[in-house]
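# An overview of the molecular structure
Residue-level listing of the chains:
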Amino acid sequence: MKNALINFFKKIEPDKKKSPFMHTAYDAFFTFAFTPNHTTSAGGVHIKDGMDLKRTMVMVVLAMQLCYLFGTYNMGHQHFLALGEYTGLFQGFHLKLFYGLVQLLPIFVVTHVVGLGIEFYYAYRKGHSVEEGFLVSGALIPLIMPPDIPLWILAIAVAFAVIIGKEAFGGTGMNILNVALLARVFVFFAYPTVISGDEVWVSGLAKAEAGAAVEYGWAHLSLLNGLFESLGWATFNPQATVVDGFTGATPLALAYQGGWANVTSVYTEGQMLWGLIPGSIGETSKPFIIIGALILIVTGIASWRIMLSMFLGAVVTTLLFNAWGATPFLEVPWYYQFYMGSFFFAMAFMATDPVTASSTNAGKWIYGFLIGAIGMIIRVLNPAYPEGWMLAILFLNVFAPLIDHYVVEANINRRAKRSKALAAKQAS
Amino acid sequence: MKNTIVRTLLVVALNLAMHATTFAQSAGNSSSTSYLVYGLLGVAVLIFFFILAQLSDNLIAIEAKRAGISEDGLNLGLIPGAKEIAGSKMPSYVGSGSSVITLKKGFDILLEGEATPVLEDASGVTSFAVQPPNFRGILPIPKLTVEEGADVKAGDVLFFDKNQPDVKYVAPVSGEVVEIRRGDKRAINEVIILADKEIRYKSVEAPDLASADRAALKSFLMESGVWALMSQRPFDVVPDPSVDPRNIFISTFDTAPLAPDLNFVVAGKEAAFQKGLDVLGKMTDGHVYLGLDARGDKAPAAAFTEATGVEKKWFSGKHPVGNVGVQIHHIFPIVNEDTVWTLNVQTVITLGNLFLEGRFNAERVVAITGAEVEKPVYVKTYLGANIGQLLKDRLKSDHVRIISGDVLSGAAKSNEQYLNAADDQVTIVAEGDYYEMFGWLIPGSPRPSVSRTYPNFIFPNAKFKADTNTHGERRAFVVTGQYEDVLPMDIYPQHLMKSILVNDIEKMEALGIKELSEEDVALCEFVCTSKQPLQKILREGLEIMREQS
């Protein structure tokens, strides 16, 4: 059975000379389906560890699956909360789930078509096989976008991140900046109205104010409503309007205006913890992200050093802020800071990217700590940016080689000192 | 110094305690703040008791000093030192005066097919070869002193390097030189001898150890052929006769996958081993260091533990702790322009026999190992045995990779080829030229891995059947910190490799390339997610460094 399949695939293999692009694409899919029959060379090790880059990358993608599940449902949940319909968590389950899917799937597809298309093209141009880097970037990008992001902006952002951020530097393993964050920062600075303000975190509303109309497309009204009607289930209501008292503001925006008391007047601690709040698609649910982080730590894929030191950096900075206490936001206790915003998502999936982080163990401690500290400073002190991790991580991405340089220099100095000491010992 | 630390801690603790209580009174209404306060209080209490214990500990130590029972390394205090806690695992056979160097980093690859301690006679092996490529540092076309058809005795000179004509390369067995195999550009690959049934030895006149000076010993060793079997670091080459080694290092245990048990190999040859050590002691002004195995419950062979005239260092940990390069790093690292020698145990025995028996005895005990071997055992043969004859009727299948040496840094060989001079092990593993459906996600068979994405780490004693499949394609460096976890040296392997790739000679040297040999980074190459050929890269760097010096 397996051999028949391989033979079939081998038969349809495009010619490498005649159609190189097709061959690159074929090779990418074939090596995805079958690990190649390569054997170790006659010199060097004869057996190799069962770990390869595909497995590494896919483990990260698996670790964020809960965020995908929850993010999809939460998009629908937030949408109906804004309309004042099905306010219970599991009321209108199918509506919320399918609403989320209708939002998420196009984002996911566009991200991958654009990103993988560019990857395939560059692999063909450079004559190497398609590398796995985009598996993770492509899975991360949908999770960090606002639910209502226009697809054309997403496409441009992904293209920018992959071409300028990665391929210009030489592809997977060579990039300086985190590709997924680069896509987000592109949207953030090129289309500021799309990714900031209170309007963007709940999707499907004409405006984020009471009485605004709901926006449904053909997929909701023709396709899904038809399906639900035939099953006798509840359908999307195109006449619904935004309910009174709805804000759409994220906890961080509220905290900036009036501290923790202002946040808790809108959202409960439980809502913030479980992530039933407006926000980017996948970054709201803390427990699910922490499960993902634990998977990454236990499997040893992501650096626990970075995660721990980033946490410590954030805690130390907030304790300093608490001591200062000049504004209500500065006075938010350190443990409440973690209820808000996307700290955990940035910690688990963004800061730990091995390519852009520090490569030495000592460097990882410094790198993580500084991200924690700087990210918290941006979050609390800078009114222009509602959340600091994106900028802090990109900033430290740039400085990671410098941190490594000093760590390696320290090793060189230690080595030189040791030579001197040993030489003196020999002379005596 | 210590007192100031204690005093500062005390002040901090008192302050914390005071503040915590006032804080508790002012913010007692909020339940979550009080948790914080209780936490702080707890920490303060802990610090207080710690300081108390520390203080009394110091007082006891001072008292002991006054009473005159102070001794270096003796802990008289209440609190056990970190060394004492760690040292509790020290095996009983390690004498009380010595310590164990325990290395945390590393990884033991457990494979099926370990040789059972049974020594068989390999009488079927009649073809032997001396292979000039085994001796790193000599020209590819050495000067032959024999022709095809010549009759040689064990110990007769076969060839020498034109750059270093004093160092002779000799026949391991007696018989007829049947073939001189050449490779590319007429390089000599193998000088093949068809062995006699009964080995005839060229008798050699060993100088008297007690009276001979170093120069005489040197020229004797070079003439006898043992010199060429030793290795000089850095670069792992045939020793340069113009330099005296700073130290000589011998590892008495091998931690590579399926490596032979050297305690078994040395059995019955204790006298020769000790004689070899005595000779080596004459060759250096420094020490001869013996790396001893402190990993198991049983003490290593008495030949090692009771050797005299050497410095013994105990090591414990995972592979590559048995590598002599790793041991050098922890005993007395190679710095500046130092050169040291390294020998394997069987070379020391050959060296000893030169003086004991007065002949070049190149007898070798070779472990035949691997999951593809019918009955993994040890066999007695000579240096450079023919692989096909050695493995006759021993293999389970013929779709295998035959490796002279271990799976990490050995060399692939065919049946017509010969064991490398430094190797005391043949490993046979299955060839892995198969496709695996979604093998990167759901592997079809268990395989060794350091990664915890495999359930291997739950079964630390499980043995694996490994094959030569690469389990993935080569990629750029992506994952970091991986090499550091399996290289127990103060070296940044990934940065070193990158400096070699960009040919930055100064950086290579500063990052410690001279301390490394291929076998030391072999484990890094094994674990590499990006499947980079690290041993090859390292060798390129070492060759560049050697040309420079």
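Let us look at the overall build of chain B. If you tally the helices and strands in chain B, you get 14 helices and 20 strands. Each of the 549 residues in chain B was classed as buried or not, and the buried ones make up 54%. Taking the intrachain contacts of chain B between residues at least 6 apart in sequence as the baseline, contacts between residues at least 24 apart amount to 68%. When the accessible area of chain B is evaluated, it comes to approximately 24,500 Å², of which 54% is carbon and sulfur surface.

As a further point, take unusual backbone geometry. Residue and element names in this part refer to chain B. Residue proline 234 is reached from arginine 233 by a cis peptide bond, and omega for that bond is 0°. Tracing the backbone through its elements, the reader meets proline 234 in the loop between strand S10 (231–233) and strand S11 (248–251). Cis rather than trans, the peptide bond between histidine 319 and proline 320 has omega equal to 10°. Its place among the elements puts proline 320 in the loop between strand S13 (311–317) and helix H8 (324–331). Notably, lysine 185 is not glycine yet its phi reads approximately 55°, a positive angle. Here lysine 185 shows up in the loop between strand S8 (175–182) and strand S9 (188–195). The exposure class of lysine 185 is exposed, given its relative accessible area of 80%. Residues other than glycine seldom take positive phi values, yet phenylalanine 235 does so here, at roughly 85°.

Turning our attention to the domain arrangement of chain B. Residues and elements named next belong to chain B. Domain boundaries assigned for chain B yield domain 1 (2–98), domain 2 (110–447 + 458–464) and domain 3 (470–549). Taken together, the contact pairs four residues of domain 1 with nine residues of domain 2. Summed over both sides, the interface between domain 1 and domain 2 buries roughly 410 Å², with carbon and sulfur atoms accounting for 68% of that surface. If you look at where domain 1 meets domain 2, you find zero salt bridges. At the boundary of domain 1 with domain 2, the tally comes to one residue pair in polar contact (both at pLDDT 80 or more). When the residues that make up the side of domain 1 that touches domain 2 are grouped by side-chain class, the tally is three nonpolar, one polar and no charged.

What follows deals with empty space enclosed by the protein. All names here are of chain A. For the structure shown, the criterion picks out eleven cavities of 30 Å³ or more. The wall of the largest cavity is formed by 27 residues, among which Arg184, Ser280, Glu283, Ser342 and Glu387 lie closest to the centre. Secondary-structure elements contributing two or more residues to the lining of the largest cavity are helix H8 (179–190), helix H11 (251–264), helix H16 (343–350) and helix H18 (389–427). Split into classes, the residues belonging to the lining of the largest cavity amount to 17 nonpolar, six polar and four charged. Domain assignment of the residues forming the lining of the largest cavity places at least three in each of domain 1 (18–31 + 53–248) and domain 2 (281–428). Considering only enclosed or pocket space, the second largest cavity measures out at about 340 Å³ in volume. Taken together, 25 residues make up the lining of the second largest cavity; nearest its centre are Met57, Gly133, Val136, Asp353 and Pro354. Counting only elements with at least two residues in the lining of the second largest cavity, the list comes to helix H3 (53–63), helix H6 (133–143), H8 and H16. For the lining of the second largest cavity, the element with the most residues is H6, which contributes four residues. Across the lining of the second largest cavity, the residue classes tally to 15 nonpolar, eight polar and two charged. Viewed by domain, the lining of the second largest cavity spans two of them, domain 1 (18–31 + 53–248) and domain 2 (281–428), each represented by three or more residues.

The next thing to look at is helix H4 (residues 214–224) of chain B. Listed as buried for H4(B) are B:Arg214, B:Leu217, B:Lys218, B:Phe220, B:Leu221, B:Met222 and B:Ser224. The inward-facing, buried residues of H4(B) abut strand S7 (164–170), helix H6 (270–283) and helix H9 (345–356) of chain B.

With that settled, the discussion passes to the environment of A:Ser359. With respect to the helices, strands and loops of the structure, A:Ser359 is situated in the loop between H16 and helix H17 (361–381). Along the primary structure A:Ser359 and A:Ala400 are separated by 41 residues, whereas in three dimensions their C-alpha atoms are 8.0 Å apart. Among the polar contacts made by the side chain of A:Ser359, one reaches the side chain of B:His495 at a distance of 2.9 Å.

It is worth spelling out the state of the cysteines at this point. All names here are of chain B. Tallied over the full model, the rule gives zero disulfides over all chains. There is no disulfide at cysteine 524, and the cysteine sulfur nearest it, in cysteine 528, is 8.9 Å away. On the basis of relative accessibility, which here comes to 1%, the residue cysteine 524 falls in the buried class.

So, about the side chain of B:Glu484. Mapped onto the elements, B:Glu484 comes out in the loop between strand S20 (436–437) and helix H11 (493–501). In this structure, B:Glu484 is in contact with A:Ser359, B:Lys105, B:Ile491, B:Tyr492 and B:Pro493, ignoring residues within four places of it in sequence.

We now examine the layout of surface pockets. Once rolled over the atoms, a probe with the size of a water molecule shows which space is left empty. Residues and elements named next belong to chain A. Within this model, the second largest pocket holds a volume of roughly 1,100 Å³. Contributions of two or more residues to the lining of the second largest pocket are made by helix H14 (304–324) and H17. Of the residues that constitute the lining of the second largest pocket, the class distribution is 20 nonpolar, 15 polar and nine charged.

For the rest of this paragraph, the subject is the packing of H4(B) against H9(B). Residue and element names in this part refer to chain B. Taken N-terminus to C-terminus, the directions of H4 and H9 make an angle of 110°; their axes are 12 Å apart at the nearest point. Comparing their axes, H9 and H4 come out roughly perpendicular. Two secondary-structure elements touch here, H4 through Leu217, Phe220, Leu221 and Ser224 and H9 through Leu351, Leu354 and Phe355. Of the residues assigned to the contact of H4 with H9, the class counts are six nonpolar, one polar and no charged.

Turning to the environment of A:Lys16, a few remarks are in order. Residue and element names in this part refer to chain A. When you line up the elements, lysine 16 lands in the loop between helix H1 (2–11) and helix H2 (20–33). Residue lysine 16 is classed as exposed on the basis of its relative accessible area of 58%. Sequence separation between lysine 16 and threonine 193 is 177 residues, and the spatial gap between their C-alpha atoms is 46 Å.

On to the domain arrangement of chain A, then. Residues and elements named next belong to chain A. Along its sequence, chain A is organised into domain 1 (18–31 + 53–248) and domain 2 (281–428). With 33 residues of domain 1 in contact, the opposing surface of domain 2 contributes 26 residues. When the area that domain 1 buries against domain 2 is broken down by residue, the three leading residues are Ala63, Asn178 and Leu181, summing to 20%. For the interface between domain 1 and domain 2, the tally reads zero salt bridges. Linking domain 1 to domain 2 there are five residue pairs in polar contact (both at pLDDT 80 or more). Elements that contribute at least two residues to the side of domain 1 that touches domain 2 include exactly H3, helix H4 (65–83), helix H5 (93–126), H6 and H8. Ranked by the residues each element gives to the side of domain 1 that touches domain 2, the list is headed by H8, at seven residues. A breakdown of the residues in the side of domain 1 that touches domain 2 according to their chemical character gives 26 nonpolar, six polar and one charged.

Residue and element names in this part refer to chain B. When you tally the buried positions in strand S16 (residues 377–382), you get five out of six residues, the bulk of the element. Looking at chain direction, strand S2 (residues 119–121) and S16 are connected through three bridges and run parallel. Paired with glutamate 120 across the two strands is valine 379, which belongs to S16. By the bridge criterion, six bridges tie strand S15 (residues 363–369) to S16 in an arrangement that is antiparallel. Across the sheet, valine 365 pairs through a bridge with lysine 380, a residue of S16.

Each side of the interface is counted separately: chain A has 68 residues, and chain B has 75 residues. Taken over both partners, the interface formed by chain A and chain B buries close to 6,300 Å², and the fraction arising from carbon and sulfur atoms is 57%. Here A:Arg418 ties to B:Glu515 by a salt bridge, and the two come within 2.5 Å at their closest N and O atoms. Our count for the contact surface shared by chain A and chain B stands at 37 residue pairs in polar contact (both at pLDDT 80 or more). Looking at the side of chain A that touches chain B, the elements that each hand over two or more residues are H1, H2, strand S1 (34–35), H3, helix H13 (286–298), helix H15 (334–337), H17 and H18 of chain A.

Each value, and the rule that gives it
- Residues numbered from 1 in each chain as written.
- Chains lettered and ligands numbered in written order.
- Predicted model: local features only at pLDDT ≥ 70, side-chain atom pairs only at ≥ 80, totals over all residues.
- Heavy atoms only, no water.
- Helix = DSSP H or I, 4+ residues; strand = E, 2+ residues; numbered from the N terminus.
- Buried < 20%, exposed > 50% of the residue type's maximum accessible area, 1.4 Å probe, protein only.
- Contact = heavy atoms within 4.5 Å.
- Areas by Shrake-Rupley, 256 points an atom, 1.4 Å probe, with all protein chains shown as cover.
- Domains from an automatic or database assignment.
- Buried area = accessible area lost by both parts, 1.4 Å probe.
- Salt bridge = Lys/Arg side-chain N within 4 Å of Asp/Glu carboxyl O.
- Polar contact = N/O pair within 3.5 Å; in protein donor to acceptor, adjacent residues only side chain to side chain.
- Nonpolar A, V, L, I, M, F, W, Y, C, P; charged D, E, K, R; others polar.
- 1 Å grid on protein atoms, 1.4 Å probe; cavity = no way out; pocket = protein on both sides within 12 Å on 5 of 7 lines; lining within 4 Å.
- Points joined across faces, edges and corners; volume = space filled by probe spheres on them.
- Disulfide = S-S within 2.5 Å.
- Axes fitted to C-alpha atoms, helices over the stretch in contact; angles between N-to-C directions.
- Parallel < 35°, antiparallel > 145°, perpendicular 65-115°, else oblique.
- Pairing = 2+ DSSP bridges.

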